[in-house]
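Read off the chains here:
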Protein chains: 2
Amino acid sequence: MKIIVDAMGGDNAPLEVVKGSYLAAKEYDIEILLVGDKDKIEDVIKGNNLYSDKIEIVHTTEIITNNDSPTLAIRRKKDSSLVVGMKLLKEKKGDAFISAGSTGAILAGGLFIVGRIEGIDRAALSPVLPGKNNYFMLIDSGANADCKAENILEFGIMGEIYSKKVLKKQTPTIGLVNIGSEEEKGNAFTKECFKVLKESNLNFKGNIEAREIPDGNIDVVLCDGFTGNVILKLFEGVAGTIFDILKEEITSSTISKIGGLILKPVFKRFKKKFDYTEYGGAILLGVDGTVIKAHGSSNSKAIKNAIKQAMLCVNGNIVEDIKNEVRRYKS
Amino acid sequence: MKIIVDAMGGDNAPLEVVKGSYLAAKEYDIEILLVGDKDKIEDVIKGNNLYSDKIEIVHTTEIITNNDSPTLAIRRKKDSSLVVGMKLLKEKKGDAFISAGSTGAILAGGLFIVGRIEGIDRAALSPVLPGKNNYFMLIDSGANADCKAENILEFGIMGEIYSKKVLKKQTPTIGLVNIGSEEEKGNAFTKECFKVLKESNLNFKGNIEAREIPDGNIDVVLCDGFTGNVILKLFEGVAGTIFDILKEEITSSTISKIGGLILKPVFKRFKKKFDYTEYGGAILLGVDGTVIKAHGSSNSKAIKNAIKQAMLCVNGNIVEDIKNEVRRYKS
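Here the structure is a predicted model, which is why all the values come from computation and not from measurement. Just so you know, the residues in each chain are numbered from 1, in the order the chain's sequence is written. Lettering for chains starts from A, numbering for ligands starts from 1, and both go in the order in which the items are written. Totals for whole chains, interfaces and linings use all residues, but because this is a predicted model, local features are given only for residues with pLDDT of at least 70 and pairs of side-chain atoms are given and counted only at 80 or more. The basis for the side-chain values is all heavy atoms of the structure; hydrogens and waters are excluded.

**Student:** Tell me about unusual backbone geometry, and name the residues and values.
**Tutor:** The amide bond that connects isoleucine 139 of chain A to the next residue, aspartate 140 of chain A, takes the cis arrangement and shows omega of 0°. Along the chain, aspartate 140 of chain A falls in the loop between strand 7 (135–139) and helix 6 (149–165). For the bond from alanine 13 of chain B to proline 14 of chain B, the omega torsion is -5°, close enough to zero to count as cis. Only DSSP runs of H or I reaching four residues or more are called helices, and only runs of E reaching two or more are called strands; each is numbered from the N terminus. Structurally, proline 14 of chain B is set in the loop between strand 1 (2–6) and helix 1 (15–27). The backbone of lysine 168 of chain A shows a phi angle near 60°, a positive value even though the residue is not glycine.

As C-alpha cells, this is what we get:
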C-alpha cells in the first residue's frame, strides 16, 4: 500500500509531517510518497535522522496556503504539493491522500481533481470526535453550507459504511441534529431530513439535541455543513475556554498550584481522551478516492494516526463500498 | 412596580419560585403577583416562613407542562398560571411577567396573548450567556427555527437596546454567527444577513465563528433560532460533559481526591463564573411587554435574579425603546 502525503500542508509542515510519515513507515507495512519541496524535506530528514527506504519524495515548487482562494489555487498552483498529490491519487499512483493544509483547497481538490463518486451529489467532511461514552462521526462538518435532505441521506449511508468498516461498529446508530426530540420539531430542512431518514434502511434513531452530542451515544451525527461546522468549532471553543479559565484560576495561588500539580495526571488523561489526534483526521466522504484532512495544527503523532486511518480506509474498501451502496440505493 | 410571577412553572415550582419571589420582595422596592394554586403557594409560604405584604396571590387551577402542545395549551388551559399571568401583563395589571415553565408555551403566549410589537415580524428568545472575557446575548436562541435576513436585523436592533439599557454596555458590538470570518463565507441565509447588517446603523463587527463565541468579545451574537438553539444546548452539553469526566477522574483515586479538595475553591469560582442564574433568564424580545423565561431548573436565586432583570427592563423602558427604534427603522 502506498500513501500520498502532502508534506507542505499544515501549521507544522514540513517538520511534523515528515516526522509522522517516518513514524508510520517504520511501524506499518506501507510506502509513503511525500509530496513537497525536496530540499526542505531532505533537510528535515537529515536534521532529524529520519531516513527510510519506504519514503519517496515527489518534488513540487508551490504551496497552497489558507490565504489562497481554494478554487483559484487548485486551478492556478499546478505545481503545489496539494494539487500534485491529489493528481497522483487520481492516477492511482497511491492508495490514499493526506493533507493538513487548507480545508477549502482540499475540498476543492477533492471535487475537481479526484472527483465525486457517481451517484453522490455532495462530498462531506467527516471527522471522528471524542464523546463521553464513545467517539462518533459528525457529518457534514463544513463542506456544504447549504444542503438538501437527499444529501443528508447520502451522508448517512457513507457514515454508516465508515463506522462499520473503519471504526468497527457493528450496527452504527444514526441521528439527526435537531432542536427537539420529536419528529415535528426543527426547521423546514430538518423536518424534510427526518422524513427521508425515517424511510431509509439506516439504523435511524431520530433527532439528537445538541446537548446530547458530546455524550457520544449516537455513532453518526448528521447535519448540514453549516450546523456541523458551528458544532465542531463550538466544541473546540467551549472546551478551550474552560481549560483556559481553569488554568488561570489554578495558577493564581500557590495552594491551587499544588492542587493542580496533584491533578496533573487527571488533566493529562482527560486531555488524551479529548485528543483529536488519536482519531486521525477528517475523511472527505463521497470523493472517488481516500482523501483525509488532518488538523491544521497536526503534530507527528496526528499525521501518523491519519496515515493509519488511511490504511484502514483502503483495507476496508470504503470507496468501493460507498459506490456499491449508492448504486443499490439509487436503483 | 409590580412583577407577575408564574408560581407553577419550572422543575422546582412552586417552592423555589415562591422563595425567589420572597427574596426579591424583601430586597427590592417592588410588589409581586404570584399566579398559581393558592393552597400550594400558601403551604410553601407557611412551611418556609415566607410571609410578605408585598406578595399577592392570584389563584389559578391549571398548569401547562412541557408535555403539553404549546399552542393548544395556551388556547385550552385558560385557567393556567401561564395564561392568566400573561393576560394580567396584557391588561397592564403588572409591569413584567416571569416564568420558568415550558419555553414553547411562553413563546406561544408571548405571541398570542401579549402580542408582538408593531413592526416586529418575529419575537426572539434572548438569553445572556457567560463568556470568558464578558457576558453576551445570543439572539435568537430558539424561538424561530426558520428566519429571514430582515428578522436578524430586528434581533440586532432589539439586542442593541437591551445591551445598552439593561447590560449597560455603551456601544454594544454585534456579530453574525458564521462558518468563516470573510463576508462571502457561509450559507445563502448568512450571506443575505451579512448584507442587511452591514447596511444597517448597528455596530456590526462582521462574522463570528463558533470557536470565538465563548470568548464573549461580541456583545450581541445573532443567528437564526435553529443555530442559536444548537449553540445554547451544545454550550451546556460540552461544559457538562467536561465536568462529568473531570469529576469521575478526580474521584477515581485518593490522591486525586486530595487534589480535587484543594482545588474546590477554584472549581467553585469557575462554576459561579459560568452560572447562568447570575444573569437572570432569557428575555423574549419583540413582544409588547416584558416577558422573561427563567431556566427550567431555576432555584430561588435564579428566580430572584430574573425578577431583578425584569425590573431593569421596566426601568430601562426596553419595550418602548424597541417600539420607537423600529418605527424609526421602518420609516
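Now that the structure has been shown, we can carry on.
**Student:** Before we move on, could you go through the relation of the copies chain B and chain A and cite the residues and values that matter?
**Tutor:** Our superposition of the copies is a least-squares fit, built on the C-alpha atoms of residues whose pLDDT is at least 70 in both. Taken as rigid bodies, chain B and chain A are interconverted by a rotation of 180° and an axial shift of 0.0 Å, the fit giving an RMSD of 0.0 Å. Taken together, the rotation and translation relating the two chain copies correspond to the operation of a two-fold axis. When each C-alpha of chain B is compared by its distance to the rotation axis, glycine 259 of chain B comes out closest, at 2.2 Å. In what follows, a contact means two residues having at least one pair of non-hydrogen atoms within 4.5 Å. In this assembly, 100% of the residues forming the interface of chain B have copies in chain A that are likewise at the interface, indicating an isologous arrangement.

**Student:** Account for helix 11 (residues 300–315) of chain B, with residues named and values stated.
**Tutor:** All names here are of chain B. In a regular helix each residue adds 1.5 Å, so 16 residues correspond to 22 Å; helix 11 covers 23 Å between its end C-alpha atoms and thus fits that length. Those residues of helix 11 that sit buried are Ser300, Ala302, Ile303, Lys304, Asn305, Ala306, Ile307, Gln309, Ala310, Met311 and Cys313. Remark: asparagine 317 follows helix 11 within two positions and exhibits a positive phi of approximately 60°. Given a helix with a known number of residues, its expected span is that number minus one, times 1.5 Å. Relative accessibility decides the category of a residue: with a 1.4 Å probe and only protein chains considered, values under 20% of the type maximum give buried, values over 50% give exposed, and everything between is partly exposed.

**Student:** Please set out the packing of aromatic side chains residue by residue, giving values where relevant.
**Tutor:** Any two of the Phe, Tyr and Trp rings considered here, Trp counted by its six-membered ring, make a pair once their centres fall within 6.5 Å; the pair's planes then place it as stacked at under 30 degrees, edge-to-face at over 60, or tilted in between. As enumerated under the stated definition, the model contains six aromatic pairs over all chains in all. Between phenylalanine 194 of chain A and phenylalanine 204 of chain A, the aromatic rings sit 5.2 Å apart at their centres with planes inclined by 75°, giving edge-to-face as the arrangement. Of this pair, phenylalanine 194 of chain A sits in helix 7 (residues 188–199) while phenylalanine 204 of chain A sits in strand 9 (residues 204–209), and the two are 10 residues apart along the sequence. What makes phenylalanine 194 of chain A buried here is its relative accessible area of 8%. Their ring planes at 55° and their centres at 6.4 Å tell us that phenylalanine 136 of chain B and phenylalanine 235 of chain B sit as a pair that is tilted.

**Student:** Which residues make up the state of the cysteines, and what are the values?
**Tutor:** By definition, disulfides here are pairs of cysteine sulfur atoms that lie within 2.5 Å. Evaluated as defined, the whole model comprises zero disulfides over all chains. Counting only cysteine sulfurs, cysteine 223 of chain A is the nearest neighbor of cysteine 313 of chain A, a cysteine outside any disulfide, at a range of 20 Å. Classification of cysteine 313 of chain A as buried rests on a relative accessible area of 1%. Distance from the sulfur of cysteine 147 of chain B, which forms no disulfide, to the nearest cysteine sulfur (cysteine 193 of chain B) is 7.9 Å. Under the relative-accessibility criterion, cysteine 147 of chain B is labelled buried at 15%.

**Student:** Report on the domain arrangement of chain A, specifying residues and quantitative values.
**Tutor:** All names here are of chain A. Just so you know, the domain bounds were taken from an automatic or database domain assignment. Domain annotation for chain A reports domain 1 (1–120 + 286–316) and domain 2 (122–278). Summarising the inter-unit geometry, the C-alpha centres of domain 1 and domain 2 are found 25 Å apart. Facing the 20 residues of domain 1 at the interface are 15 residues of domain 2. Contact between domain 1 and domain 2 buries roughly 1,400 Å² in total, counting both sides, with carbon and sulfur atoms accounting for 63%. It is Leu107, Ile120 and His295 that lose the most area in domain 1 upon contact with domain 2, and together they represent 31% of the buried surface on that side. Polar contacts here mean pairs of N or O atoms no more than 3.5 Å apart (in protein, one a potential hydrogen donor and the other a potential acceptor; neighbouring residues in sequence count only if both atoms are side-chain atoms). Where domain 1 touches domain 2, the interface holds two residue pairs in polar contact (both at pLDDT 80 or more). For the side of domain 1 that touches domain 2, the element with the highest residue contribution is helix 11 (residues 300–315), accounting for six residues. Polar here means any residue other than Ala, Val, Leu, Ile, Met, Phe, Trp, Tyr, Cys and Pro, which are nonpolar, and Asp, Glu, Lys and Arg, which are charged; Gly is therefore polar. The residue makeup of the side of domain 1 that touches domain 2, split by class, is seven nonpolar, 10 polar and three charged. The term buried area refers to how much accessible surface (probe radius 1.4 Å) is lost by two components on association, counted for both of them together.

**Student:** Mind laying out the interface of chain B and chain A, listing which residues take part and the relevant values?
**Tutor:** Facing the 50 residues of chain B at the interface are 50 residues of chain A. For the pair chain B and chain A, the summed buried area comes to about 4,700 Å², and 76% of that belongs to carbon and sulfur atoms. If you sort the residues of chain B by the area they bury against chain A, Ile179, Phe226 and Leu234 of chain B come out on top, with a joint share of 14%. Broken down by secondary-structure element, the contributors of at least two residues to the side of chain B that touches chain A are strand 8 (174–178), helix 7 (188–199), helix 8 (225–250), helix 9 (254–262) and helix 10 (264–273) of chain B. The element best represented in the side of chain B that touches chain A is helix 8 of chain B, accounting for 20 residues. For the side of chain B that touches chain A, a count of residues per class yields 27 nonpolar, 12 polar and 11 charged.

**Student:** Which residues make up the environment of lysine 40 of chain A, and what are the values?
**Tutor:** Among the secondary structure elements, lysine 40 of chain A is positioned in helix 2 (residues 38–48). Along the primary structure lysine 40 of chain A and leucine 15 of chain A are separated by 25 residues, whereas in three dimensions their C-alpha atoms are 8.9 Å apart.

**Student:** I'd love a proper account of the packing of helix 1 (residues 15–27) of chain A against helix 11 of chain A, names of residues and values included.
**Tutor:** Residue and element names in this part refer to chain A. Axis definition: a line fit to C-alpha positions, over the contact stretch in the case of helices; interaxial angles, taken between N-to-C directions, run 0 to 180 degrees. Axis separation between helix 1 and helix 11 bottoms out at 7 Å; the angle between their running directions is 50°. Considering the angle they form, helix 1 stands oblique to helix 11. By crossing handedness, the relation of helix 1 to helix 11 is classed as right-handed. Here Glu16, Val17, Lys19, Gly20, Ser21, Leu23, Ala24 and Glu27 of helix 1 come into contact with helix 11, specifically with Ser300, Ile303, Lys304 and Ile307. Angles below 35 degrees are treated as roughly parallel, those above 145 as roughly antiparallel, those between 65 and 115 as roughly perpendicular, and all remaining angles as oblique. Handedness of a crossing follows from how the near helix is turned relative to the far one, being left-handed for an anticlockwise turn of less than a right angle and right-handed for a clockwise one.

**Student:** Please set out helix 10 (residues 264–273) of chain A residue by residue, giving values where relevant.
**Tutor:** Residue and element names in this part refer to chain A. Taken together, the buried positions of helix 10 are Val266, Phe267 and Phe270. Each buried residue of helix 10 sits inside an arc of 95° when the element is viewed along its axis, so together they form one side. Along helix 10, exposed side chains directed more than 90 degrees from the buried face belong to Lys264, Lys268, Lys271 and Lys272. This arc corresponds to the set of directions leading from the helix axis out to the C-beta atoms.

**Student:** An account of the sheet that holds strand 7 (residues 135–139) of chain B is needed here, citing residue identities and associated values.
**Tutor:** Residues and elements named next belong to chain B. Strand order in this open sheet of five strands is 6-7-10-8-9, and the pairing throughout is mixed. With one partner strand each, in any of the chains shown, strand 6 (128–130) and strand 9 (204–209) form the two edges of the open sheet. Sheet twist, expressed as the average angle between the axes of neighbouring strands with direction ignored, equals 35°. Where strand 8 and strand 10 (residues 220–222) come together, three bridges link them in parallel fashion. Pairing of glycine 175 across the sheet is with valine 221, part of strand 10. In the packing of helix 7 onto the sheet, the strands contacted are strand 8, strand 9 and strand 10, and the crossing angle to strand 8 comes to about 170°. At least two DSSP bridges between two strands are needed for those strands to be called paired.

**Student:** Just give me the short version of the pairing of strand 7 of chain A, but keep the residues and values in it.
**Tutor:** Residues and elements named next belong to chain A. For strand 7, the buried fraction is high: four of the five residues fall into the buried class. Note: strand 6 (residues 128–130) against strand 7, three bridges, orientation antiparallel. Looking at the pairing, valine 128 lines up with methionine 137 of strand 7. Taking the residues that link successive antiparallel strands as the turn, the strand 6-strand 7 hairpin has four residues.

**Student:** Tell me about the sheet that holds strand 3 (residues 55–59) of chain A, residues and numbers included.
**Tutor:** All names here are of chain A. Taking strand neighbours across the sheet as the criterion, the seven strands line up as 3-2-1-4-12-11-5 in an open arrangement whose pairing is mixed. Each edge of the open sheet carries a strand with a single partner, namely strand 3 and strand 5 (124–126). Sheet twist, expressed as the mean angle between neighbouring strand axes with direction ignored, is 25°. As judged from the five bridges shared by strand 1 (residues 2–6) and strand 2 (residues 31–36), these two strands associate in the parallel manner. Of the residues in strand 2, the one forming a bridge with isoleucine 3 is isoleucine 32. Running at roughly 155° to strand 12 (residues 290–293), helix 11 makes contact with strand 1, strand 2, strand 4 (96–99), strand 11 (282–285) and strand 12 of the sheet.

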